[in-house]
Amino acid sequence: MRLKISLLKEPKHQELVSCVGWTTAEELYSCSDDHQIVKWNLLTSETSQIVKLPDDIYPIDLHWFPKSLGVKKQTQAESFVLTSSDGKFHLISKLGRVEKSVEAHCGAVLAGRWNYEGTALVTVGEDGQIKIWSKTGMLRSTLAQQGTPVYSVAWGPDSEKVLYTAGKQLIIKPLQPNAKILQWKAHDGIILKVDWNSVNDLILSAGEDCKYKWSYALEKPNTGSIFNIAWSIDGTQIAGACGNGHVVFAHVVEQRWEWKNFQITLTKRRTMQVRNVLNDAVDLLEFRDRVIKASLNYAHLVVSTSLQCYVFSTKNWNTPLIFDLKEGTVSLILQAERHFLLVDGGGIYVYSYEGRFISSPKFPGMRTDILNAQTVSLSNDTIAIKDKADEKIIFLFEASAGKPLGDGKLLSHKNEILEIALDQKGLTNDRKIAFIDKNRDLYITSVKRFGKEEQIIKLGTMVHTLAWCDTCNILCGLQDTRFTVWYYPNTVYVDRDILPKTLYERDASEFSKNPHIVSFVGNQVTIRRADGSLVHISISPYPAILHEYVSSSKWEDAVRLCRFVKEQTMWACLAAMAVANRDMTTAEIAYAAIGEIDKVQYINSIKDLPSKESKMAHILMFSGNIQEAEIILLQAGLVYQAIQININLYNWERALELAVKYKTHVDTVLAYRQKFLETFGKQETNKRYLQYAEGLQIDWEKIKAKIEMEITKERERSSSSLSSKNMGLKH
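Residues numbered from 1 in each chain as written. Predicted model: local features only at pLDDT ≥ 70, side-chain atom pairs only at ≥ 80, totals over all residues. Heavy atoms only, no water.

### Points about the environment of I456
Phase 1 of the analysis: You can see I456 is positioned in the loop between β41 (442–446) and β42 (457–460).
Phase 2 of the analysis: For I456, a relative accessible area of 26% corresponds to the partly exposed category.
Phase 3 of the analysis: Along the sequence, I456 and S412 sit 44 residues apart, while their C-alpha atoms lie 9.5 Å from each other.
Phase 4 of the analysis: For I456, the residues in contact, after removing those within four places along its chain, are L411, S412, H413, F435, Y443, I444 and T445. (Helix = DSSP H or I, 4+ residues; strand = E, 2+ residues; numbered from the N terminus. Buried < 20%, exposed > 50% of the residue type's maximum accessible area, 1.4 Å probe, protein only. Contact = heavy atoms within 4.5 Å.)

Structure, rendered in structure tokens:
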């Protein structure tokens, strides 16, 4: 990726340009010490003078009033704040009329910024004061005061905090009184500029020590000092205010997208080059307008320009599907196997690869300007969006209708969530979401709630980034100094004991600090290091093949594959997969292969159970789903068996509760309870047990006879239902 620079032969300003600001992706305003405000139209390459300011106004900073979502025509949205060296800030309309001038600071007003809702303005000055104003220019409060000039200021993404400079320090101060202030040394010289990205929550600072950390592109145009820079709304162009009166423009080219054997490069603003590395075939894709965003995945390239969306199939680059966009500023494209998602200033939209509009999910307080690939996730059936107002909540929607999923329950976590990702394969009922919280713990849970509170289970700690494989439900993440792959994350719901045996780990120190997983395609993981370079990792192809066999119920092939590969991780994955799919014969083979003899014995005991309901209940118990096991037994009328599993697990309260409720085997429960207490040499203290034990004689012979009768009854009922089924087959 690099910047392609354009510069007029002659500057349009006579003095240094102090500030620039975009109104749209194609229109820019610039202010200069020559007191001129000039409008630039990038489509027609025309410039026009908007207004000449009074000679005593020397502009320093400019910021446009934010465009409110869903409000097309708003008077104040067509205005900007201009700070100047005379201690004032000026509210100026798009046509150049000065609506209001406000005495704000002693000395120059060095910066002014609207918050994201347009409800407040913050200014900082040479007098060291940070002031908050209403949108009409009325002073609300002096947020802070210090002895040195404050050169720059920025709002936090939630408009609840303000970031400002203090010499070599950066300070974050919340608007709430008495809230904790965060302060740290950021540079070795005075900090002159600061900004806070509302999308990825990163802070950028620039100071007199001339230090910077990694760069995508470095250009040195002949423009003198650059006093101010501004990115266009769509993030494809940048403008700089230059010391020699020029305004320099640059647009991003040579962005790259890769998927399997295809490599696509943006060579010009409206041209892409497609290279097939298998046969070195090259195709050129020409667009009518400037390319803003693109995504390449699932055998499709989706490109948004300033006016249209193009959908290409990797099988045919000549005839794209084209449809018009509601707004031209697409900020995010996400793809799933069956459809893709677009985010722009107006909303979230799901389209099929045939260009058919599918849905547009909405929720209260939705802000599309801050959504990114870490806070939105798409699968074939589900859309997940992290809430910005309450960062502990994830909204879940049906992709096909855009409605809240199921009974409309939200996914709520105890801590703030940083990153979310939906798995891509399998049935809707089995859909899982993985997320990282602010403690850098990785969790997984089911998307479908099924009317009960689904478990949110921790998978790992110190996880910085994650991604699901596009072809099967394998999860990878960078965990502290290790690259970890969870070959079968669903193991946590089946048999958590063997989860460590289903992992692949390797050292990740080569990726340096703060790496990010870009994609996980097939068995290839792409990681971007902090310096911008890409690193590719290949993992074993066998777990993906195992997933494929299991999803097709090819259990013999799965066992054969594990015997061929001879790896403990494969056998452990197969064991968990077999239990999850109730194939206990395969589970027995797999558990034996990893030396889990006690579990092999338990599986053997399940096989000997007299009815299918008992077998199912004990399989559920094997996975720790006690409540579900009990429900199955009670629904089948096997009350004694439901009581017995609670006795076996020492759930004494529940065992007695069931016996009393169904008026059966109260003496059995009391007998086992007495035996348990005698073993540990303890006296009964439970009031309910004391109440029911009063005057009751324990007769073990009688109890054993009753138990035997229950088992016989279950066996007879099972064989009679089997014979009636066979009769039905004969008829």
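Having seen the model, we can carry on.
### Regarding the sheet that holds strand β30 (residues 316–324)
Phase 1 of the analysis: Read across the sheet, four strands follow the order β27-β28-β29-β30 without closing on themselves; strand pairing throughout is antiparallel. Each edge of the open sheet is held by one strand with a lone partner, namely β27 (291–297) and β30. Taken over all neighbouring pairs, the strand axes of this sheet differ in orientation by 20° on average, direction set aside.
Phase 2 of the analysis: Pairing geometry for strand β29 (residues 308–313) and β30, over five bridges, is antiparallel. Bridge assignment links S313 to a residue of β30, and that residue is N316. (Pairing = 2+ DSSP bridges. Axes fitted to C-alpha atoms, helices over the stretch in contact; angles between N-to-C directions.)

### Here we look at the confidence of the model for the protein
If pLDDT is low for a region, its predicted coordinates should not be looked at in detail.
Phase 1 of the analysis: Per-residue confidence for the protein gives a mean pLDDT of 89, with 95% of residues at or over 70.
Phase 2 of the analysis: The secondary structure element of the protein with the lowest average pLDDT is helix α13 (residues 700–730), at 72, and the one with the highest is strand β35 (residues 376–378), at 97.
Phase 3 of the analysis: Of the regions scoring below 50 in pLDDT, residues 69–75 engages in seven contacts with residues more than four places distant in sequence or in other chains. (pLDDT = per-residue confidence, 0-100.)

### Some points on helix α5 (residues 584–593)
Phase 1 of the analysis: Taken together, the buried positions of α5 are occupied by M584, T586, A587, E588, A590 and Y591.
Phase 2 of the analysis: Elements in contact with the buried residues of α5: α3 (555–565), α4 (568–580), α6 (597–607) and α7 (612–622).
Phase 3 of the analysis: Following α5 by one or two positions, G595 has its phi on the positive side, about 75°.

### Overview of the environment of A104
Phase 1 of the analysis: Checked against the element boundaries, A104 lands in the loop between β9 (98–103) and β10 (109–114).
Phase 2 of the analysis: By relative accessible area, which is 4% here, A104 ends up buried.
Phase 3 of the analysis: Considered as a pair, A104 and H90 are 14 residues apart in the sequence and their alpha carbons are 9.9 Å apart.
Phase 4 of the analysis: Not counting chain neighbours up to four residues away, the residues in contact with A104 comprise G87, K88, F89, V109, K131 and W133.

### Examining the pattern of salt bridges
Phase 1 of the analysis: Inspection of every chain in the model, using the stated rule, returns 34 salt bridges.
Phase 2 of the analysis: With its nearest N and O atoms 2.2 Å apart, the salt bridge here joins R290 to E26. Of this pair, R290 sits in the loop between β26 (281–286) and β27 while E26 is found in the loop between β2 (17–24) and β3 (27–32), placing the two residues 264 residues apart along the sequence.
Phase 3 of the analysis: Residue classification places E26 among the buried residues on the basis of a relative accessible area of 14%. (Salt bridge = Lys/Arg side-chain N within 4 Å of Asp/Glu carboxyl O.)

### Side note on the environment of K315
Phase 1 of the analysis: Mapped onto the elements of the fold, K315 is located in the loop between β29 and β30.
Phase 2 of the analysis: We classify K315 as exposed; its relative accessible area is 80%.
Phase 3 of the analysis: Separated by 171 residues in sequence, K315 and W486 have C-alpha atoms that sit 32 Å apart.

### Things to note about the packing of aromatic side chains
Phase 1 of the analysis: Overall, the coordinates contain 29 aromatic pairs when judged by the stated rule.
Phase 2 of the analysis: A centroid spacing of 5.6 Å and a plane angle of 70° characterise the contact between Y591 and F622, whose relative ring orientation is edge-to-face. Taken together, the residues span a long stretch of sequence, with Y591 in helix α5 and F622 in helix α7 at a distance of 31 residues. Exposure class is identical for Y591 and F622. Each is buried.
Phase 3 of the analysis: Grouped by ring-pair contacts, the aromatic residues F262, F287, Y310, F312 and W317 constitute a single cluster.
Phase 4 of the analysis: Its end group placed over the ring of Y493, K432 keeps NZ or CZ at 5.1 Å from the ring centre. (Phe/Tyr/Trp six-rings, centres within 6.5 Å; stacked < 30°, edge-to-face > 60°. Lys NZ or Arg CZ within 6 Å of the ring centre and 35° of its normal.)

### Some points on unusual backbone geometry
Phase 1 of the analysis: Positive phi, normally seen in glycine, also occurs at Y298, with a value near 45°.
Phase 2 of the analysis: Along the polypeptide, Y298 turns up in the loop between β27 and β28 (300–305).

### Points about the nonpolar core
Phase 1 of the analysis: Of all hydrophobic cores here, the largest spans 49 residues; its most connected members are F483, L546, L574 and Y591.
Phase 2 of the analysis: Sort the elements by how many residues they give to this core and α4 lands first, with ten residues.
Phase 3 of the analysis: Apart from residues lying up to four places away in sequence, L574 is in contact with L546, V550, W555, A558, V559, C562, T586 and A590.
Phase 4 of the analysis: Formed by 21 residues, the second largest nonpolar core is a distinct cluster that contains L634, A642, W652 and A655. (Core = buried A, V, L, I, M, F, W, Y, C linked by side-chain atoms within 4.5 Å.)

### Overview of the pairing of strand β49 (residues 534–538)
Across a regular strand the side chains alternate sides, sitting on one face of the sheet and then on the other.
Phase 1 of the analysis: Of the two faces of β49, only one is covered, namely that formed by V535 and I537; the face formed by L534, H536 and S538 stays uncovered.
Phase 2 of the analysis: Of the strand pairs in this sheet, strand β48 (residues 524–528) and β49 are connected by five bridges, and their pairing is antiparallel. The residue of β49 that forms the bridge with I527 is V535.
Phase 3 of the analysis: Connecting the antiparallel pair β48 and β49 is a turn made up of five residues, with G532 showing a positive phi of about 95°.

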